[in-house]
Amino acid sequence: MLDRLNHVAIAVPDLQSASHQYKTTLGATISEPMEIPEQGVTVVFIELPNTKIELLEPLGEKSPIAGFLEKNPSGGIHHICYEVDNILQARDKLQADGVRVLGDGEPKIGAHGKPVLFLHPKDFQGTLIELEEV
Ligand code: CO
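One structure accompanies this document, and this report is about it. The written sequence of each chain sets the order in which its residues are numbered from 1. Totals for whole chains, interfaces and linings use every residue, but because this is a predicted model, local features are given only for residues with pLDDT of at least 70 and side-chain atom pairs only at 80 or more, for both listing and counting. Here the side-chain values reflect all heavy atoms present in the structure, with hydrogen atoms and water set aside.

### Points about the overall build of the protein chain
When helices and strands are tallied, the protein chain shows 3 helices and 8 strands. With the C-alpha coordinates aligned to their principal axes, the bounding extent of the protein chain is approximately 45 × 35 × 25 Å. Buried means the residue's accessible area, taken with a 1.4 Å probe over protein chains only, is under 20% of the maximum for its type, while exposed means over 50%, and partly exposed covers the values in between. Burial analysis of the protein chain (134 residues in total) assigns 40% to the buried set. Surface accessibility follows the Shrake-Rupley procedure with a 1.4 Å probe radius. Residue values consider only the protein chains on display as shielding. Carbon and sulfur atoms form 53% of the exposed surface of the protein chain, whose accessible area is close to 7900 Å². The helix and strand labels rest on DSSP assignments: H or I over at least four residues marks a helix, E over at least two residues marks a strand, and numbering proceeds from the N terminus.

### Observations concerning the pattern of salt bridges
A carboxyl oxygen of Asp or Glu within 4 Å of a side-chain nitrogen of Lys or Arg is what we treat as a salt bridge. Evaluation of the coordinates by the stated rule reveals 6 salt bridges. Across the pair Glu106 and Arg91 runs a salt bridge, and its minimum N-O distance is 3.3 Å. Linking Glu106 in the loop between helix 3 (87-96) and strand 6 (108-109) with Arg91 in helix 3, this pair joins segments that are 15 residues apart in sequence. Among the salt bridges present, the one from Lys108 reaches Asp104, with a minimum N-O distance of 3.0 Å.

### Description of the sheet that holds strand 2 (residues 34-36)
Two strands are counted as paired when DSSP detects at least two bridges linking them. A sheet is described by the order of its strands in space; here 8 strands give the open sequence 2-3-4-1-5-8-7-6, paired in mixed fashion. Of all the strands in the sheet, just strand 2 and strand 6 have a single pairing partner and so form its edges. Sheet analysis places strand 1 (residues 5-11) next to strand 5 (residues 76-84), joined by 6 bridges and oriented antiparallel. Directly across from Val8, in strand 5, lies its bridge partner Ile80. By definition, residues are in contact when any of their heavy atoms lie within 4.5 Å. Between N-to-C directions, angles cover 0 to 180 degrees, with each direction set by a line fitted to C-alpha atoms, over the stretch in contact for helices. In the packing of helix 3 onto the sheet, contacts are made with strand 5, strand 7 (115-119) and strand 8 (129-133), and the angle to strand 8 comes to roughly 145°.

### Here's the deal with the pairing of strand 5
With 7 of its 9 residues buried, strand 5 lies for the most part within the structure. In terms of strand pairing, strand 5 meets strand 8 through 5 bridges, oriented parallel. Note on strand 8: the bridge partner recorded for Cys81 is Glu130.

### Observations concerning unusual backbone geometry
Negative phi characterises most residues that are not glycine, and trans characterises most peptide bonds. One non-glycine residue, Gln125, adopts positive backbone phi at about 55°. By the secondary structure assignment, Gln125 is in the loop between strand 7 and strand 8. You can call Gln125 exposed: its relative accessible area is 70%.

### Examining the nonpolar core
Here, nonpolar core means buried Ala, Val, Leu, Ile, Met, Phe, Trp, Tyr and Cys residues that are tied together by side-chain atoms lying within 4.5 Å of each other. Among the nonpolar cores identified, the biggest contains 21 residues, and Val12, Ile53, Leu55, Leu119 and Leu131 are the most heavily contacted of them. Looking at this core, the elements with two or more residues in it are strand 1, helix 1 (15-24), strand 3 (41-47), strand 4 (52-58), strand 5, helix 3, strand 7 and strand 8. The biggest single contributor to this core is helix 3, with 3 residues. What Leu119 contacts, discounting residues up to four positions off in sequence, is Leu94, Val99, Arg100, Val101, Leu102, Phe124, Leu128, Ile129 and Leu131. If you look at the next biggest cluster of nonpolar residues, it comprises 10 residues, including Ala9, Phe45, Leu56 and Ile65.

Set out below in structure tokens:
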């Protein structure tokens with residue numbers, strides 16, 4: 001089922017300062033900030049040779065990462081994203097195995113314009129997992 005690691009997402013309290021640090025201290029190439037109101041986040045992408053890092057900042061009142069940042073005020077790894085070739089097949093298999101898919105269980109279009117789903121962290125070693133169909 002699993003294919004490549006698509007990205008690691010890091011929630012940050014201040015996107016501008018985090019982007020600045022990645023750019024100046026680590027010499028990273030960083031995209032322009034992109035607001036995704038449907039997901040309650042503003043995101044920048046850092047392209048690495050073998051994967052991507054996403055920095056996420058809360059957007060709006062009901063951001064799904066607001067609670068995470070309350071518990072982790074300086075930020076932290078929020079989720080990892082694995083690629084799958086068929087997201088509906090993957091979902092059906094996981095649900096049949098008792099894994100909880102977040103939300104209504106239907107894939108949403110994610111930050112990269114591809115269908116994504118999130119799996120409950122309590123069903124995966126405390127790690128929020130995003131699946132992205134590529
Ligand atoms: Co993601």
